[in-house]
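What follows is each chain in one-letter form.
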Amino acid sequence: MSIYSMTGYASSTQETDAGTMTIEIKSVNSRFLDLQFRINDDFRSIESLFRDAISRRLARGKVECRFSFGKKNADSDTKALNLPLLNQLAQFQASLRSTFPDAAPLTTNELLRWPGVIEEAEVNAEHLQGIISSTINATLEAFIVSREREGAALCEVLLNRISAMEEIVARITPMMPQAVQQFQQKAITKLEEALGLVNATPGTHTQTISREEAIDRIRQEVTVYGIRVDVAEELARLAAHLTETRHILKKGGQVGKRLDFMMQELNREANTLGSKAAIKELADASMELKLLIEQIREQVQNLE
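Here goes a summary of the coordinates provided. Here the structure is a predicted model, which is why all the values come from computation and not from measurement.

Structural notes on the overall build of the protein chain
Moving on, step 1. Broken down by element type, the protein chain carries 9 helices and 6 strands.
Moving on, step 2. By the burial criterion, 34% of the 304 residues in the protein chain qualify as buried.
Moving on, step 3. Across the protein chain, every contact between residues at least 6 apart in sequence was considered, and the portion connecting residues at least 24 apart equals 78%.
Moving on, step 4. On the protein chain, roughly 18,000 Å² of surface is accessible, and the fraction owed to carbon and sulfur atoms is 51%.

Rendered as structure tokens:
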């Protein structure tokens, strides 16, 4: 299933016997489906055609639809007789001639020159509804194709970012067991110094507690310290979240909200990784991950 960007554009122009219609559809990102219409007053009735067609195909995005209709020029056959006015004039003439039988009737030339007798032929939106509907659908299809094309490009960018994050996790994971051992040994040394066990002679004033008590306290502190700096769980969750994110992208469809949630989870683990960083490589990895997560988050805002 494809992935769609919320940004897209398409336009169509269709010639009819009555004139030229132009349809334009464009959109930007939005949390919900927000439809806006710019339609000639004579064609307000077709707004429902736009709304129904778009609502069936789109789920999110701020979509603006423009419809304009240009009648044919005055030199064409778009002129028409105002039949209601002619009928009214005929009734007036009959009434007058019943009172003034000798009055001359109106000539054809006089009738044609009468204000309002010749007018622009009215464009019937209902008569054009079939053409309008098919043009809307064709424009909408081109619009969706443009969103799909941009969505595919964004998906490629996101997959590259995910690969970069997976490489970071794979790079630092093997370092952790040795790093924890180094941390524990360093902690033991520091605690022994603090408790006066280094170069301390039993019975001297530098040994304030028994050796057994000191060793027990050191063991407890090292255990706590080892737990604090061990990021195996965080790395495992990062790897799992990245696998799930890749799966969401490959599955396609409406992925925007799900990906946004995954970015929150990834960012949480990256922050924890940084707070536990006891070596430079881990701190650097945390910063790299957070930068990539933010880059992905910005692009995810454009996906439906």
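Structural notes on the packing of helix α7 (residues 232-251) against helix α8 (residues 256-275)
Moving on, step 1. Between α7 and α8, the shortest axis-to-axis distance is 10 Å and the interhelical angle comes to 160 degrees. The angle between α7 and α8 places the two elements in the roughly antiparallel class. Crossing handedness for the pair α7 and α8: left-handed. Residues E234, L235, R237, L238, H241, L242, E244, T245, I248, L249 and K251 of α7 lie in contact with α8, whose contacting residues are R258, L259, M262, M263, E265, L266, E269, A270, T272 and L273.

A short note on the packing of aromatic side chains
Moving on, step 1. Enumeration according to the criterion identifies 3 aromatic pairs in this entry.
Moving on, step 2. Their ring planes at 55 degrees and their centres at 6.1 Å tell us that F37 and F50 sit as a pair that is tilted. Taken as a pair, F37 in strand β3 (residues 33-39) and F50 in helix α1 (residues 47-57) lie far apart in primary sequence, 13 residues in all. There is no split in this pair, since F37 and F50 are both buried.
Moving on, step 3. For the ring pair F43 and F67, a centre distance of 5.1 Å and an interplane angle of 50 degrees mean the geometry is tilted. On the criterion of sequence distance, the pair formed by F43 in the loop between β3 and α1 and F67 in strand β4 (residues 61-71) is long-range, its members being 24 residues apart.
Moving on, step 4. With relative accessibility at 3%, the residue F43 sits in the buried group.

Some words on the sheet that holds strand β1 (residues 8-15)
Moving on, step 1. Spatial strand order, β1-β2-β4-β3: 4 strands in an open sheet with mixed pairing. Two strands bound the open sheet, and with one partner strand each, they are β1 and β3. Going across the sheet, the axis of each strand differs from the next one's by a mean of 10 degrees, ignoring polarity.
Moving on, step 2. The sheet contacts of α1 involve β2 (19-28), β3 and β4, and relative to β3 the element is tilted by about 150 degrees.

Topic: the side chain of T245
Moving on, step 1. Tracing the backbone through its elements, the reader meets T245 in helix α7.
Moving on, step 2. Residue contacts for T245: discarding those within four places in its chain leaves I162, L259, M262, M263 and L266.

Describing the nonpolar core
If you look at soluble globular proteins, the nonpolar side chains tend to sit buried side by side.
Moving on, step 1. Judged by nonpolar contacts, the single largest core of 33 residues is most densely connected at M165, L235, L249, L259 and L273.
Moving on, step 2. Elements with a minimum of two residues in this core: α4 (129-172), α7, α8 and α9 (280-300).
Moving on, step 3. For this core, the element with the most residues is α4, which contributes 9 residues.
Moving on, step 4. Excluding residues that lie within four positions of it along the chain, L249 makes contacts with I3, C155, L158, L159, I162 and L259.
Moving on, step 5. M21, I46, C65 and I136 belong to the second-largest nonpolar core, a separate cluster that totals 23 residues.

Details of the environment of A232
Moving on, step 1. Looking at where A232 falls in the secondary structure, it is placed in helix α7.
Moving on, step 2. By relative accessible area, which is 44% here, A232 ends up partly exposed.
Moving on, step 3. Separated by 41 residues in the primary sequence, A232 and L273 place their C-alpha atoms 9.6 Å from one another.

Here we look at the packing of α4 against α7
Moving on, step 1. In contact at an axis separation of 10 Å, α4 and α7 are set at 160 degrees when each is read in the N-to-C sense. Of the possible angle classes, the one that applies to α4 and α7 is roughly antiparallel. When the axes of α4 and α7 are compared, the crossing they make is left-handed. Where α4 abuts α7, its residues C155, L158, L159, I162, S163, M165, E166, V169 and I172 lie against L235, L238, A239, L242, T245, R246 and L249.
Moving on, step 2. For the contact of α4 with α7, the residue count by class is 12 nonpolar, 2 polar and 2 charged.

Examining the pairing of β1
Moving on, step 1. In this structure, β1 lies alongside β2, joined through 8 bridges in antiparallel fashion. In the strand pairing of β2, Y9 is matched with K26.
Moving on, step 2. Once β1 ends, the chain turns through 3 residues before running back antiparallel as β2.

Cut-offs and rules
- Residues numbered from 1 in each chain as written.
- Predicted model: local features only at pLDDT ≥ 70, side-chain atom pairs only at ≥ 80, totals over all residues.
- Heavy atoms only, no water.
- Helix = DSSP H or I, 4+ residues; strand = E, 2+ residues; numbered from the N terminus.
- Buried < 20%, exposed > 50% of the residue type's maximum accessible area, 1.4 Å probe, protein only.
- Contact = heavy atoms within 4.5 Å.
- Areas by Shrake-Rupley, 256 points an atom, 1.4 Å probe, with all protein chains shown as cover.
- Axes fitted to C-alpha atoms, helices over the stretch in contact; angles between N-to-C directions.
- Parallel < 35°, antiparallel > 145°, perpendicular 65-115°, else oblique.
- Left-handed = near helix turned anticlockwise from the far one by under 90°.
- Phe/Tyr/Trp six-rings, centres within 6.5 Å; stacked < 30°, edge-to-face > 60°.
- Pairing = 2+ DSSP bridges.
- Core = buried A, V, L, I, M, F, W, Y, C linked by side-chain atoms within 4.5 Å.
- Nonpolar A, V, L, I, M, F, W, Y, C, P; charged D, E, K, R; others polar.

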